Each structure stands twice: as structure tokens, then as C-alpha cells.
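Read off the chains here:
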Amino acid sequence: MIELEERVRREVGVRLFTVLAWIPERRALRRVHSSHPEQYPVGGEKTVEVAAGWLATCIEGRRPYFGKDRAAVREIFADHELIESLGCSSIINVPVLGDDGDVLGVLNILDAEGAYDDASIAAAQAIARDAAPYLKAGAA
């Protein structure tokens with residue numbers, strides 16, 4: 001998944017990058033890649049502890065979630081203090097879909113406030129379309 005992270009760095013820009021596999025039977029997310037393994041270790045798993053709006057957008061709606069500023073990040077993510085301590089206050093979450101349209105996981109792309117715009121979201125979506133093989137390999 002290093003290649004995937006490098007592509008995100010080149011095409012979108014990122015300070016913190018994680019990839020989470022979606023486990024639908026438990027409504028849980030398991031981290032399969034992290035640019036910051038000390039703070040966000042690979043293998044870490046959590047039930048979805050974010051606002052229902054995030055779940056409805058990213059998992060159920062299969063659409064990106066864009067938290068453009070610190071207030072949006074604080075509203076949605078329970079770990080917002082850790083996110084902010086890493087210099088991040090803007091986030092793009094993009095679902096990764098399998099061939100059947102099911103959600104395989106989510107790309108989490110974070111940077112400073114103001115780092116992302118509509119073009120960044122479009123670039124992240126393009127990367128997510130190509131990310132299924134990485135997610136399948138990392139989740140295996």
C-alpha cells in the first residue's frame with residue numbers, strides 16, 4: 001500500500017493517510033495501512049464511533065465525506081484531538097468499492113485546514129477507484 005500512499009501524496013497531498021477495511025457484519029472498521037503507525041496502528045479496529053451522517057454518506061451512500069475545517073472534523077470524529085495534534089484539520093474520506101459495488105473500505109486523507117477543495121475530492125475519488133486491489137491485499 002506504499003504505492004497507494006505515494007499516489008495520494010502526489011495527486012492530493014496528505015499529512016495523515018490511513019486505509020480502513022469495512023467489516024459490514026460488525027459495522028466496524030479495521031486499519032490495514034497507516035502513515036502514522038504509532039498513533040494509528042495497523043490492525044486497530046473500532047466500531048463506527050463517528051456521527052451517523054458520516055456512516056450514511058461514506059458507507060451507505062458510497063460518497064466521499066469532506067470535512068473542510070476543524071469544526072467539521074470535531075463534529076464527526078471522536079479522535080479529533082489526536083487528529084489536530086498531527087496538524088490536521090481537514091479530511092477527505094472516500095469509500096473504496098468492489099466490482100459488485102459493495103464498500104470494501106475507506107481511504108482517509110487528512111491535511112491542514114484549507115488544503116483541500118473540489119479538485120482534491122475528485123482526485124481522491126479517482127484514486128479510490130483504483131484502490132480495491134490494494135485493500136483486498138491488505139485486508140487478506
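The present account deals with the structure reproduced in this document. Just so it is clear, the model here is predicted, and its values are computed rather than measured.

Below, the discussion takes up the sheet that holds strand β5 (residues 90-97). Working definition: the strands of a sheet are paired by backbone hydrogen bonds and lie parallel or antiparallel to each other. Overall, antiparallel pairing links the six strands, which are arranged β3-β2-β1-β6-β5-β4 in an open sheet. With one partner strand each, in any of the chains shown, β3 (45-47) and β4 (65-67) form the two edges of the open sheet. Taking the axes of each pair of neighbouring strands and ignoring which way they run, one obtains an average angle of 25° across the sheet. Helix α1 (residues 2-11) rests against β1 (16-23), β2 (28-34) and β6 (103-111) of the sheet, and its axis sits at about 125° to β1. Across the sheet, helix α5 (residues 118-129) lies against β4, β5 and β6, angled at about 30° from β5, the strand it touches most.

The next point concerns the packing of α1 against α5. As a packed pair, α1 and α5 sit with axes 10 Å apart at the nearest point and diverge in direction by 160°. Comparing the axis directions of α1 and α5 gives the class roughly antiparallel. The chirality of how α1 crosses α5 is right-handed. Between α1 and α5, the residues in contact are Leu4, Arg7, Val8 and Glu11 and Ala123, Ala126 and Ile127, respectively. Of the residues contributing to the contact of α1 with α5, the split by class is five nonpolar, no polar and two charged.

Counting residues in hydrophobic clusters, the biggest one holds 23 residues, and the most contacted among them are Val12, Phe17, Val19, Ile92, Leu107 and Ile109. Elements supplying a minimum of two residues to this core: α1, β1, β5, β6, α5 and α6 (132-139). By residue number, the principal contributor to this core is α5, which donates five residues. When near neighbours in sequence (up to four residues on either side) are disregarded, Phe17 contacts Leu4, Glu5, Val8, His33, Ser34, Ser35, Leu107, Asn108 and Ile109. With 21 residues, the next largest nonpolar core counts Leu20, Tyr65, Ile76 and Cys88 among its residues.

About the cut-offs
- Every residue gets a number counted from 1 within its own chain, in the order that chain's sequence is written.
- This being a predicted model, a pLDDT of at least 70 is required before a residue's local features are given, and a value of 80 or more before pairs of side-chain atoms are given or counted; all residues contribute to the totals for chains, interfaces and linings.
- In computing side-chain properties, one takes all heavy atoms of the structure into account and sets aside hydrogens as well as water.
- In this description, strands pair whenever DSSP reports at least two bridges between them.
- Helix and strand definitions here come from DSSP, where helices need a minimum of 4 consecutive H or I residues and strands a minimum of 2 consecutive E residues; each element is numbered from the N-terminal end.
- A fitted line through C-alpha atoms serves as each axis, taken over the contacting stretch for helices, and the angle formed by two N-to-C directions is quoted from 0 to 180°.
- Contacts are residue-level and defined by heavy atoms, with any inter-residue pair within 4.5 Å sufficient.
- Note on terminology: angles under 35 degrees are roughly parallel, angles over 145 are roughly antiparallel, angles of 65 to 115 are roughly perpendicular, and the others are oblique.
- The crossing is said to be left-handed when, going from far helix to near helix, the turn is anticlockwise and less than a right angle, and right-handed when the turn is clockwise.
- Throughout this entry, Asp, Glu, Lys and Arg are counted as charged residues, while Ala, Val, Leu, Ile, Met, Phe, Trp, Tyr, Cys and Pro are counted as nonpolar. The remaining residues, Gly among them, count as polar.
- Take the buried Ala, Val, Leu, Ile, Met, Phe, Trp, Tyr and Cys residues and link them wherever side-chain atoms come within 4.5 Å; each set so joined is a nonpolar core.
- Think of it in three bands: residues with accessible area under 20% of the maximum for their type are buried, residues over 50% are exposed, and the middle band is partly exposed, with areas taken using a 1.4 Å probe on protein chains only.

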